[in-house]
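Structural overview for review
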Amino acid sequence: MDCEAIKINLPEYIDRKLDEKTREKVEKHLKSCESCRALHEEMSSFLSFMDSLPSPEVPEGMKEEFTERLADLDIQEKKKVRVIPMWTKIAAMLVLAFGTYWMGYKTGEHKSEIVQNQLASEVSAQKQQVLLASLRDYTGPQKIEAVYNVSNTPNVNNDLIDALVYTMNSDKNTNVRLAAITALSGMMEKNNRIKQELIKSLAVQENPLLQISLIQVLTEKGVKEAKPQIESITNNEKTDESVKAFAKDIMKAI
Amino acid sequence: MKRIVTIIAAFAIPVVMLGQTKKFEYTPKVKNKVEITNLLGEISLQNSNGNTIVIESDFNLEKPERADGLKLLGAAEDNTDLGANVSEENGIVSIQGATRQVRDYKYKILIPAGMAVNLDYNSPFAKSDISVDSFTGSLEIKTLNASVKITKSSGPFTINTISGNLEVVFDKLNQIEPSSLATINGYIDITMPGSDKANFEINTINGNIYNNLDVKASAKENNKDKDRLAFGMDVMRTKGANSYTLNGGGQKVFLKTISGNIYLRKK
Amino acid sequence: MKNYILAAILMVATLGTAFSQKVITKKVDATGKKMEMKFDFADSIRIEAWNKNTVELEVSVNIDNNRFNEYYKLNENSFSGDIDLVEKIDFEAIKKIKGTGNNCNFDKMIRYKLKVPANLEFSLKTISGQVEVIGTLGKMSVNSISGFIDYTIPASMKTRINLSTITGDVYSNLKFDNKPEKEAQWVGTKRNLILNGGTQPIKLETISGNIYLRKSKLLN
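Residues numbered from 1 in each chain as written. Chains lettered and ligands numbered in written order. Predicted model: local features only at pLDDT ≥ 70, side-chain atom pairs only at ≥ 80, totals over all residues. Heavy atoms only, no water.

**With respect to the confidence of the model for chain C**
- Taken as a whole, chain C shows an average pLDDT of 85; of its residues, 85% reach a score of 70 or greater.
- The model gives residues 10–17 of chain C a pLDDT under 50, and that stretch makes zero contacts with residues more than four places away or in other chains. (pLDDT = per-residue confidence, 0-100. Contact = heavy atoms within 4.5 Å.)

Spelled out as structure tokens, the structure:
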């Protein structure tokens, strides 16, 4: 079995829904293929954290609407679309896990291996639109839980960091962005890229709470490279007074 | 004669012109989320008893004579007669203020239990504070200067404000999803049953933290940044955020202030 | 005795009619022309559509009990071939005569009534004028800082109305094509309304006035 086929079967393998023969093939491949093993690890931890979340109460109309749309699909395609039993997982994966990340996915900005392979193999592009279109926004607390869990995953790979950065810079909910900042700052030590992203975020944030939090986090960790950005915020006349006052005080610490 | 008149005058009961309260009811097709925007009057939120959203208000449209026969057309069409527009799309019910005039009136909004609410009160023109009572469901609130007072509710909440104060009296902390409260200039005052379980992540820069809830520095806190000299000792306080547990730990509650104090009270 | 009383009565009577309202009328051929109006100190402006090709204007002026009517001028500039009407009041001269004492404030009443070709393209600027536009179909832009704008729209009109008011309200009995954008409108009302799938641009702007949009009972 080749890697492409493995990717297609992984979700069901993890769910223990594969038939004996296929399961054996997958296991055999996993034993010898490091990249597929890594993928399997990511996907399992991901899906298990997904399971730990409450399945969002499926609003009445939503499931009906979704099944109706699916009814329009080819029977051929339907066989591949193991979406109905797992649809909450995929839905959650797309929206909740990555917060607003799925938007980036949709516009092609971020390539998430897991999500992309899952979808590409199971559902054709057209049906992806159906899936994405029928998803609803998740709530602030749910997204905070997602951010917290992502940051507590043992091996946070680049895709997850992408997701956290995207959330920090674009989520509609300030508290969620705050959680992303906290999560990223916890990982900053081992990762220079995260440090850069936090500094870049200073230019993006407009909410005083977030500006102060970023400045706080960067100065606490002694990030000298952040100084010019912090200075430009202090000099910008549009910046809120409380931010300016805070920045002035804390700059002395760097 | 004169004396009688003055006595009567003194006892004359002032006629209080109570604004007439009107009601509007809406049954959502999908019981998922409610988004409230542009409603700058005095808002209080509660749960309703069934599957219907109820808005009660003393809104009284001051309509000039010239507008006879015409309807108010604001940011959205007033289809409730309460200066607000209620519409539903894609599983989200939107309640929008239709006119600036709503600012001077009270709005009591009753939401079916379990629906999530997102309240955007982030305007310099918002009139007064927000109060929430006996509310079951997820709540997201954003304000600029307005304070938020929540009683007898369990969350989860995400609330952020620039200079408002945040007061929450939990009847029991929701263990399924975390809560996050953040303010720059205001204070945060939390009351929780002493027997509840929680994980507090507290971050304040210039504020003081007061507590009569039996929180303990968390294990994570105890393992943080420890140097050789601290071997065998418990952490009392570290720089940056501090983690505390209540009764061994439970769902997370993130509290952040910049200059305001934080109060943790036992119920 | 009687004579004196009679004389006194007569004097009072004549005093009352000594100064009268000033009325100016204008008639301009508007074929192929646009019109620009700047009536800064107008109290009211009423523009009504008719089926002729001319613009007929009537303005009645009363400044301080008709004492300073001569200081009002309605200038018509037709350089570009378009109709350009600008109201001018010589306040400096009036102040010189009245002085700066207690009686330096005065009442005024300036009212405009216009009949215009239905398809005329025009723009109107006023400070506190209350504007009524009835039955016009042409492209227009109306700006009144504190006066209201009341537009009666013919049933055949296909338009895109861009309106904004900061502290006023908008009232209407028409059904527009589009749904409002979800953006928060903290200050006043700013809308882009499409009527009958139209594109004819109409701009109605006021700061503190109300805007009224009415269905016309007439077809045109």
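Next, the rest of the story.
**Concerning the sheet that holds strand β12 (residues 148–153) of chain B**
Residues and elements named next belong to chain B.
- Strand order in the open sheet made by the ten strands is β1-β4-β8-β3-β10-β12-β14-β16-β22-β18, with mixed pairing throughout. With partners counted over all chains shown, the strands left at the sheet margins are β1 (22–26) and β18 (209–211), one partner each. Recorded for the sheet is a direction-independent mean angle of 10° between the axes of neighbouring strands. (Pairing = 2+ DSSP bridges. Helix = DSSP H or I, 4+ residues; strand = E, 2+ residues; numbered from the N terminus. Axes fitted to C-alpha atoms, helices over the stretch in contact; angles between N-to-C directions.)

**A few points about the interface of chain A and chain B**
- Taken together, the 27 residues of chain A in the interface contact 35 residues of chain B.
- Interface area lost by chain A to chain B is led by Pro141(A), Asn175(A) and Leu209(A), which between them contribute 22%.
- Scanning the region where chain A abuts chain B turns up one salt bridge.
- Here chain A is connected to chain B by eleven residue pairs in polar contact (both at pLDDT 80 or more). (Buried area = accessible area lost by both parts, 1.4 Å probe. Salt bridge = Lys/Arg side-chain N within 4 Å of Asp/Glu carboxyl O. Polar contact = N/O pair within 3.5 Å; in protein donor to acceptor, adjacent residues only side chain to side chain.)

**Structural notes on the state of the cysteines**
Residues and elements named next belong to chain A.
- Summed over all chains, the structure comprises zero disulfides over all chains.
- Here Cys33 stays unpaired: no disulfide links it, and the sulfur of Cys36, its closest cysteine neighbor, is 3.6 Å away.
- Owing to a relative accessible area of 1%, Cys36 belongs among the buried residues under this scheme. (Disulfide = S-S within 2.5 Å. Buried < 20%, exposed > 50% of the residue type's maximum accessible area, 1.4 Å probe, protein only.)

**Describing the pattern of salt bridges**
- Throughout the structure, instances matching the rule amount to 22 salt bridges over all chains.
- In this structure, Lys200(A) and Glu197(A) form a salt bridge, with 3.7 Å as the shortest nitrogen-oxygen distance. Placement of both Lys200(A) and Glu197(A) in helix α13 (residues 192–204) is noted, with a separation of three residues, approximately one turn of the helix.
- Taking the shortest distance from any N to any O, the salt bridge between Arg46(C) and Glu132(C) comes out at 3.7 Å. Of the two residues, Arg46(C) sits in strand β3 (residues 44–50) while Glu132(C) sits in strand β9 (residues 130–134), which places them 86 residues apart along the sequence.
- Here the residues in one salt-bridge network are Arg66(B), Arg46(C), Glu48(C), Glu132(C), Asp150(C) and Arg214(C), joined through shared partners.

**Here we look at the pairing of strand β17 (residues 198–204) of chain B**
All names here are of chain B.
- Of all seven residues in β17, six are buried; the element is thus mostly enclosed.
- When β17 meets strand β20 (residues 242–246), the two strands line up antiparallel, connected through five bridges. Following the sheet pairing, Ile202 is matched in β20 by Asn242.
- Of the pairings in the sheet, the one linking β17 to strand β21 (residues 251–257) comprises seven bridges and is parallel in character. Paired with Thr204 across the bridge in β21 is Thr257.

**Focus: the interface of chain C and chain B**
- Each side of the interface is counted separately: chain C has 28 residues, and chain B has 27 residues.
- Interface area, chain C with chain B, both sides summed: about 2200 Å², of which 54% is carbon and sulfur.
- The interface formed by chain C and chain B contains two salt bridges.
- For Glu132(C), the salt bridge identified is with Arg66(B), shortest N-O distance 3.7 Å.
- In this assembly, chain C and chain B are joined by seven residue pairs in polar contact (both at pLDDT 80 or more).
- Among the elements of the structure, β13 (170–172), β14 (189–195) and β16 (211–215) of chain C are those that each provide at least two residues to the side of chain C that touches chain B.
- Per-class residue counts for the side of chain C that touches chain B are twelve nonpolar, seven polar and nine charged. (Nonpolar A, V, L, I, M, F, W, Y, C, P; charged D, E, K, R; others polar.)

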